[in-house]
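Residue-level structural notes
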Amino acid sequence: MGYKSIVLNLDIDGIVAPVVKLGVDLAQRFDARLVGLSAADVPPPVVMEGGVAFEGESMMRQRKNIERRIEDLRAEFEGFAGATVDTEWRGAVGNPTRLLIDAARVADLIVTASPEGASSGNVHRSTDLGNLILQAGRPVLVASTNQENFRINKVIVGWKDTREARRAVVDSMPFLQMAQEVRVITIDNDATDEAWNSLDDVVALLSFHGVKAMADVFQEKSDGGTIADVANAMHADLVISGAYGHSRFREWIFGGATRSLVENDRLNRVMSN
């Protein structure tokens, strides 16, 4: 089992060299095709009192700027990756999240950096990680800030007996098989025999795939940040987790494990839904 097609998302306003180098590193490890993708959209006209705020000429100028930037990113992508791995380029003017979700059809794995800077949260110029994870139907590796290569020594699996967590374990098996140390952790203030049986089953599944793992239970925190906190304390190279076991709206209002991981730019995270 391995990843044979990796889609690499390049934020049109981001620093792309680190994530391209990471994508190349992963493609070499898995002997995979690396599909580079970048997209941004022109905001629609805004109707204000007295008329339309953006005229057609302004929108055309914005479109041309996007197209030029995409060509620059293509050249940078091919400069880093073209001579070392099998590549493909996909660049377009359009909603970046939607186009990345569409490209998931050709992916075993999606790799992206966290949106940052002025474009973070701009749906026309950066990826909505929540929507991507929920809709792509593929595991999403969100790289830590400026991550260029991928050491996979210590991996943490954030476990809860849900469909999303089960999916994440299987989706991430190629990473787990590369790890030297795997800890399967669950967050529970009063772990029952059922909870421990669940952990033992995951450890057994991993052993069937040649992965030696240990199980741990940690106390819950009100902000849902326990998995991220444990990963940071253990200096984990990668965190694997199911995403949005609760609704995304509930996590946005009350916080939760997925939100704490999505917002933690210091960790490499693989999330599945």
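Bear in mind that the values here come from a model prediction, so they are computed numbers and not experimental data.

With that settled, consider the overall build of the protein chain. Each helix and strand in the protein chain was counted, giving 10 helices and 12 strands. Buried residues in the protein chain amount to 47% of all 273 residues. With the model as given, the accessible surface of the protein chain reaches about 13200 Å², and the carbon-plus-sulfur share is 48%.

Note on aromatic pairs: each is described by the distance of the centres and the angle between the planes. If you walk through the whole model with that rule in mind, you get five aromatic pairs. A ring pair is formed by Tyr3 and Phe30, whose centres lie 5.1 Å apart and whose planes are at 80°; its orientation type is edge-to-face. Here Tyr3 is found in the segment before strand 1 (5-9), whereas its partner Phe30 is found in helix 1 (residues 17-30), with 27 residues between them in sequence. Just as Tyr3 is buried, Phe30 falls in that class too. Between Phe77 and Trp89, the aromatic rings sit 5.5 Å apart at their centres with planes inclined by 40°, giving tilted as the arrangement. Within this pair, whereas Phe77 is found in helix 2 (residues 56-81), its partner Trp89 is found in strand 5 (residues 87-93), the two being separated by 12 residues in sequence. Judged by relative accessible area, which is 1%, Phe77 ranks as buried. Here a set of aromatic residues connected by ring pairs shows up, and it is made of Tyr3, Phe30, Phe150 and Phe175.

Here the focus is empty space enclosed by the protein. Inspection of the entire model under this criterion finds one cavity of 30 Å³ or more. Around the largest cavity sit 19 residues that line it, and Ile15, Val19, Ala113, Ser114 and Glu116 are the ones nearest its centre. The set of elements that each furnish at least two residues to the lining of the largest cavity consists of helix 1 and strand 6 (109-113). Along the lines of polarity and charge, the residues of the lining of the largest cavity split into eight nonpolar, eight polar and three charged.

Right, let's get into a nonpolar patch on the surface. Nonpolar side chains collect at one region of the surface, where Val170, Leu205 and Phe208 lie side by side and expose about 280 Å² of accessible area between them. Note that Leu205 resides in helix 7 (residues 193-208).

Procedures and definitions
Residues numbered from 1 in each chain as written. Predicted model: local features only at pLDDT ≥ 70, side-chain atom pairs only at ≥ 80, totals over all residues. Heavy atoms only, no water. Helix = DSSP H or I, 4+ residues; strand = E, 2+ residues; numbered from the N terminus. Buried < 20%, exposed > 50% of the residue type's maximum accessible area, 1.4 Å probe, protein only. Areas by Shrake-Rupley, 256 points an atom, 1.4 Å probe, with all protein chains shown as cover. Phe/Tyr/Trp six-rings, centres within 6.5 Å; stacked < 30°, edge-to-face > 60°. 1 Å grid on protein atoms, 1.4 Å probe; cavity = no way out; pocket = protein on both sides within 12 Å on 5 of 7 lines; lining within 4 Å. Points joined across faces, edges and corners; volume = space filled by probe spheres on them. Nonpolar A, V, L, I, M, F, W, Y, C, P; charged D, E, K, R; others polar. Patch = residues over 30% accessible without salt bridge, like charges linked within 9 Å, V, L, I, M, F, W, Y side chains within 5 Å. Salt bridge = Lys/Arg side-chain N within 4 Å of Asp/Glu carboxyl O.

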